[in-house]
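Examination of the molecular architecture
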Amino acid sequence: MITTRFAPSPTGRLHVGNIRTALHNWMLARQGGGRFILRIDDTDAARSKEEYVDAIRADLAWLGIDWDLEERQSARLDRYEAAFAALRNTGRLYPCFETAQELEVRRKIALGRGLPPIYDRASLKLTDVEIASKQAEGIAPHWRFKLNHDEPIMWDDGIRGPQKFDAAQLSDPVIRRADGSWLYMMPSAVDDIDMDVTQVLRGEDHVSNTAVQIQIFTALHAAGFAAQTSAANALPSFAHEALLVGREGKLSKRLGSLGCDAFRERGIEPEAIIALLARLGTSQPIEPIADREALVASFDLSTFGRAPAKFDEEDLERLNAGIVHQLSYEAIADRLPAGMDADGWHAIRPNLAHIGEAADWWRLVTGPIDVPAFNEDDRAFIGIAAQSLVWGSNPWADLTLALKAATQRKGRGLFLPLRQALTGMDHGPDMGELLPLIGEEEARARLMRAAALQG
Ligand code: GLU
């Protein structure tokens with residue numbers, strides 16, 4: 001059974017990049033009939049906030065991304081202790097005493113010499129006596145995971161293809177701070193083991209984390225850690241998506257703050273966001289597909305490209321209009337102006353880019369409308385229209401047909417003054433649908449008023 005997870009850190013609101021990761025993991029799970037886990041990565045107690053956890057849940061719910069299980073790292077600290085003990089017992093962890101400043105100086109020196117800023121393992125060389133004396137001085141260590149330089153790191157990435165890393169080119173990661181708190185690297189691997197995660201799909205900014213975590217997985221398995229759970233000692237599959245960039249092709253600050261609130265305020269439907277993000281960065285066409293099952297069925301990692309995916313807000317607007325034009329009355333009745341029925345929605349829907357605009361168009365039906373002043377000719381014509389109005393099953397077709405015969409007008413000269421007199425606008429919804437909604441009495445009154453209105 002396939003299990004995926006979305007693992008946000010509740011240190012802020014979701015932005016379009018996170019939403020995309022969540023969506024793709026959700027689609028992967030739903031497509032395979034598997035499980036999708038929402039995992040709150042809240043080991044950073046200082047920066048994690050409950051209000052963000054709530055907001056993440058609410059945003060996912062608004063987007064229609066449902067989860068089968070919620071986990072949180074702050075409730076799993078005993079598992080990290082156990083993993084820590086297992087790794088420590090097997091010699092894969094070592095205490096370090098450098099201060100942040102010392103590390104920064106060494107990093108700068110390495111960079112200055114044109115060398116990669118890899119941790120030099122100075123603390124690994126400390127003797128037991130030296131370690132004991134540091135601790136006697138009251139210096140608490142932080143802990144690093146010792147990468148095995150002889151163990152080649154390879155995986156077949158679901159998007160990037162075969163990947164290979166030389167462990168010697170990576171720094172041994174700090175997994176635990178001196179105050180005992182956890183950094184991201186090990187808890188995430190422990191969770192993926194405990195939760196039987198089969199597919200890890202995330203942004204390419206995590207590629208080097210994957211390299212490290214593969215060794216952590218293997219070390220945990222070797223230490224017998226996985227045996228405490230039902231998981232077989234298999235690694236999840238990994239796939240890393242190219243990052244999202246702005247329209248200009250740059251990583252944009254704006255994208256980092258663009259989230260559900262902003263979309264909602266702009267009248268963007270969740271389905272438009274889903275339709276865009278589902279296929280952005282893939283070779284599949286981006287279309288206003290409101291049928292989520294169709295999107296899920298077509299989800300395919302092999303269609304993802306390596307180039308950054310460009311997020312274009314104009315695409316989103318275009319998709320939104322396309323989605324709105326498909327929405328059924330039942331689906332959005334509670335968001336429409338009072339009195340607007342299914343016929344009203346049907347008439348007005350093609351003119352909308354956002355549902356919020358329905359009220360403006362509905363005013364054409366309910367009135368009052370502002371009618372422009374017409375010239376004498378048009379007034380006479382509209383006067384004839386008022387006389388010719390007969391209320392059958394298709395009053396607009398009957399009216400225009402009668403006027404064509406009576407006045408020899410056609411095309412714009414026929415339709416425009418009528419539309420203006422009846423709606424106050426020179427464009428808008430189909431008159432054939434609109435006129436029955438306006439109603440006979442009101443339509444006649446509008447025509448008579450327009451016929452009388454002097455310029
Ligand atoms: N909390 C991590 C993040 O938001 C999770 C990364 C992962 O998917 O493992 O980047």
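Residues numbered from 1 in each chain as written. Predicted model: local features only at pLDDT ≥ 70, side-chain atom pairs only at ≥ 80, totals over all residues. Heavy atoms only, no water.

Observations concerning helix α3 (residues 77-89)
- The end-to-end C-alpha distance of α3, which contains 13 residues, comes to 18 Å, matching closely the 18 Å that a straight helix rising 1.5 Å per residue would cover.
- Among the residues making up α3, those that are buried are Arg 79, Tyr 80, Ala 83, Phe 84, Ala 86 and Leu 87. The buried residues of α3 occupy one face: seen down the axis, they fall within an arc of 165 degrees. Set apart from the buried face of α3 by more than 90 degrees, the exposed residues are Asp 78 and Asn 89.
- Those residues of α3 hidden inside the fold are in contact with β4 (93-96), β5 (142-145), β8 (174-176), α6 (185-194) and α7 (207-222).
- At the C-terminal side of α3, Gly 91 shows a positive phi close to 75 degrees. (Helix = DSSP H or I, 4+ residues; strand = E, 2+ residues; numbered from the N terminus. Expected span 1.5 Å × (residues − 1). Buried < 20%, exposed > 50% of the residue type's maximum accessible area, 1.4 Å probe, protein only. Arc of directions from axis to C-beta. Contact = heavy atoms within 4.5 Å.)

A short note on the packing of aromatic side chains
- Per the stated rule, a full pass over the model turns up eight aromatic pairs.
- For the pair Tyr 80 and Trp 182, a centre-to-centre distance of 6.1 Å together with 70 degrees between the ring planes defines the contact as edge-to-face. Of the two residues, Tyr 80 is situated in helix α3 and Trp 182 in the loop between β8 and α6; the sequence distance between them amounts to 102 residues. Considered together, Tyr 80 and Trp 182 belong to a single accessibility category, that of buried residues.
- Pairwise contacts between aromatic rings join Tyr 80, Phe 84, Trp 143 and Trp 182 into one cluster.
- The side chain of Arg 144 reaches across the aromatic face of Tyr 119, ending 3.6 Å from its centre.
- The ring of Trp 62 carries the charged tip of Arg 264 above its face, separated from the ring centre by 4.7 Å. (Phe/Tyr/Trp six-rings, centres within 6.5 Å; stacked < 30°, edge-to-face > 60°. Lys NZ or Arg CZ within 6 Å of the ring centre and 35° of its normal.)

Some thoughts on the site of the ligand
- Inspection of the region around the ligand gives Arg 5, Ala 7, Ser 9, Asp 41, Tyr 184, Ser 188, Arg 202 and His 206 as its neighbouring residues.
- Here the ligand, which alone exposes 300 Å², has 79% of that area covered by the protein.
- In this structure, the ligand is accommodated by the largest pocket.
- Split by residue class, the shell around the ligand holds two nonpolar, three polar and three charged. (Near = heavy atom within 4 Å. Areas by Shrake-Rupley, 256 points an atom, 1.4 Å probe, with all protein chains shown as cover. 1 Å grid on protein atoms, 1.4 Å probe; cavity = no way out; pocket = protein on both sides within 12 Å on 5 of 7 lines; lining within 4 Å. Sits in = over half its atoms within 2 Å of the grid points. Nonpolar A, V, L, I, M, F, W, Y, C, P; charged D, E, K, R; others polar.)

Digging into the pattern of salt bridges
- By the definition in use, this model includes 38 salt bridges.
- The partner of Arg 13 in a salt bridge is Asp 59, with the nearest N and O atoms 3.2 Å apart. Of this pair, Arg 13 sits in the loop between β1 (3-6) and α1 (16-31) while Asp 59 sits in helix α2 (residues 50-63), and the two are 46 residues apart along the sequence.
- Between Asp 41 and Arg 39 there is a salt bridge; the shortest N-O distance is 2.8 Å.
- What makes Arg 39 buried here is its relative accessible area of 0%.
- By sharing partners, the salt bridges in this structure join Arg 5, Arg 39, Asp 41, Arg 76, Arg 79, Asp 191, Asp 192 and Asp 194 into a single network. (Salt bridge = Lys/Arg side-chain N within 4 Å of Asp/Glu carboxyl O.)

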